[in-house]
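Results of the structural survey
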Amino acid sequence: MKPMQRKQFLRLLGASLGVTAMAPLITGCGGGEDDEALAAFDRSATDSDITEALSAEEIAGLMYMREEEKLAHDVYVALFNAWGAQVFAHIAESETEHTEAIRRLIVAHGLEDPAANNPPGVFVNTELQALYDALVDRGQTSLIEAIQVGCLIEEKDIQDINAKKAEVMDEPDIVQVYDHLLCGSRNHLRAFNDKLLQQGMTYRATVLSQAEWDAIAYSAMERCGG
């Protein structure tokens, strides 16, 4: 088999194995309930032969998303500690699996994990480090500001995952993980939006368009992958 043909075959095989192993284990996602589905897929993807070389752009996307998902987790832990609101604890739990899902892809592709051994609130990417610092500071001023920080993180996450997904459409293992992360982020966005409405506030989108925000925020929770 020619090298390019073999690469395409292995990609398709990896995707097929991932779908087959994951199908009976899918649960709903958002606030921690997508953990089992993501973990099941990641184990199947890691066990598959998906070690073919990625492009520099694809690698950069994985590295960025690994730390961006870690940022979401770390911010939510900090805001839970500040306010005790359970929404932050629940979604932080889900974000643990999100960042682990990307880490497993990085390992499966033979790459070095940029977040390895980094404590909470520490990032290699200087943009994300500055963003983390700013969001934690903002979220500690009031509970409403903290919830708005959650809204901002999730709309940014959705935009960034979609952008990175567009760069890896020939990598089925990465695309499937990104799709699950998108589903989880949409549910997280809905959860934060609901909490903000309970506080008598309406969120104004700053990353997505308002139409995109409203379409997600005021639609039903999803069962990711099911």
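So, a few notes on the structure that sits alongside this text. The structure presented is a predicted model; accordingly, all values stated were derived computationally and were not measured. (Residues numbered from 1 in each chain as written. Predicted model: local features only at pLDDT ≥ 70, side-chain atom pairs only at ≥ 80, totals over all residues. Heavy atoms only, no water.)

A separate point is empty space enclosed by the protein. Tallying each qualifying case throughout the model produces 2 cavities of 30 Å³ or more. The space that makes up the largest cavity amounts to roughly 40 Å³. E68, L71, L131, L135, I153, K156 and D157 together form the lining of the largest cavity. Counting residues per element, the ones that place at least two in the lining of the largest cavity are α3 (56-83), α5 (126-139) and α6 (143-166). (1 Å grid on protein atoms, 1.4 Å probe; cavity = no way out; pocket = protein on both sides within 12 Å on 5 of 7 lines; lining within 4 Å. Points joined across faces, edges and corners; volume = space filled by probe spheres on them. Helix = DSSP H or I, 4+ residues; strand = E, 2+ residues; numbered from the N terminus.)

Moving on, we come to the state of the cysteines. Applying the stated criterion to the full structure yields 1 disulfide. One disulfide bridge connects C183 with C224, the sulfur atoms lying 1.9 Å from each other. Taking the torsion about the sulfur-sulfur bond, which here is approximately -85 degrees, the covalent link between C183 and C224 counts as left-handed. Of this pair, C183 sits in helix α7 (residues 172-198) while C224 is found in the segment after α8 (210-217), placing the two residues 41 residues apart along the sequence. (Disulfide = S-S within 2.5 Å.)

Now for the pattern of salt bridges. Scanning all chains against the criterion turns up 11 salt bridges. Salt-bridge contacts for R138 lead to E145; the nearest nitrogen and oxygen are separated by 2.6 Å. Notably, a salt bridge pairs D160 with K156, separated by 2.6 Å at the nearest N-O pair. Of this pair, D160 and K156 both sit in helix α6, 4 residues apart, which is roughly one turn of the helix. Like D160, the residue K156 is buried in the burial classification. (Salt bridge = Lys/Arg side-chain N within 4 Å of Asp/Glu carboxyl O. Buried < 20%, exposed > 50% of the residue type's maximum accessible area, 1.4 Å probe, protein only.)

All right, on to the packing of α3 against α5 then. Relative orientation of the contacting elements α3 and α5 amounts to 20 degrees, with a least axis distance of 10 Å. When the axes of α3 and α5 are compared, the pair comes out roughly parallel. Judged by the sense of rotation from one axis to the other, the crossing of α3 with α5 is right-handed. For the pair formed by α3 and α5, the contact residues are Y64, E67, E68, L71, D74, V75, A78, L79 and W83 on the first element and E127, L128, L131, Y132, L135, V136 and G139 on the second. Grouping the constituent residues of the contact of α3 with α5 by class yields 11 nonpolar, 1 polar and 4 charged. (Axes fitted to C-alpha atoms, helices over the stretch in contact; angles between N-to-C directions. Parallel < 35°, antiparallel > 145°, perpendicular 65-115°, else oblique. Left-handed = near helix turned anticlockwise from the far one by under 90°. Contact = heavy atoms within 4.5 Å. Nonpolar A, V, L, I, M, F, W, Y, C, P; charged D, E, K, R; others polar.)

Between α3 and α7, the shortest axis-to-axis distance is 13 Å and the interhelical angle comes to 25 degrees. As summarised for this structure, α3 and α7 are arranged roughly parallel, according to the angle between their axes. You can see that α3 and α7 cross each other, and the crossing is left-handed. Across the interface between the two elements, G61, L62, M65, E69 and Y76 from α3 touch I174, Y178, L181 and F192 from α7. Grouping the amino acids of the contact of α3 with α7 by side-chain chemistry returns 7 nonpolar, 1 polar and 1 charged.

Below, the discussion takes up the packing of aromatic side chains. Overall, the coordinates contain 5 aromatic pairs when judged by the stated rule. Their ring planes at 50 degrees and their centres at 5.5 Å tell us that F123 and Y132 sit as a pair that is tilted. Taking relative accessible area as the criterion, F123 reaches 7% and is therefore assigned buried. By relative accessible area, which is 13% here, Y132 ends up buried. Three or more aromatic residues link up through ring pairs in this structure, and these residues are Y76, F88 and F192. Cation over ring: K70 sits above F123, and NZ or CZ is 4.4 Å from the ring centre. The side chain of K164 reaches across the aromatic face of Y64, ending 5.1 Å from its centre. (Phe/Tyr/Trp six-rings, centres within 6.5 Å; stacked < 30°, edge-to-face > 60°. Lys NZ or Arg CZ within 6 Å of the ring centre and 35° of its normal.)

Bringing the nonpolar core into the picture now. Core analysis: the largest hydrophobic core is formed by 49 residues, its most contacted members being V75, Y76, F88 and I102. Taken together, the elements giving at least two residues each to this core come down to α3, α4 (86-108), α5, α6, α7 and α8. Considering each element in turn, this core owes the most residues, 10 residues, to α7. Sequence-distant contacts of Y76, that is, excluding residues within four places in its chain, are made with F88, I91, A92, E95, G150, I153, E154 and F192. (Core = buried A, V, L, I, M, F, W, Y, C linked by side-chain atoms within 4.5 Å.)

Another point: α4. An ideal rise of 1.5 Å per residue puts 33 Å on 23 residues; α4 measures up with 34 Å between its terminal C-alpha atoms. Phi turns positive, to about 70 degrees, at G110, one or two residues after α4. (Expected span 1.5 Å × (residues − 1).)

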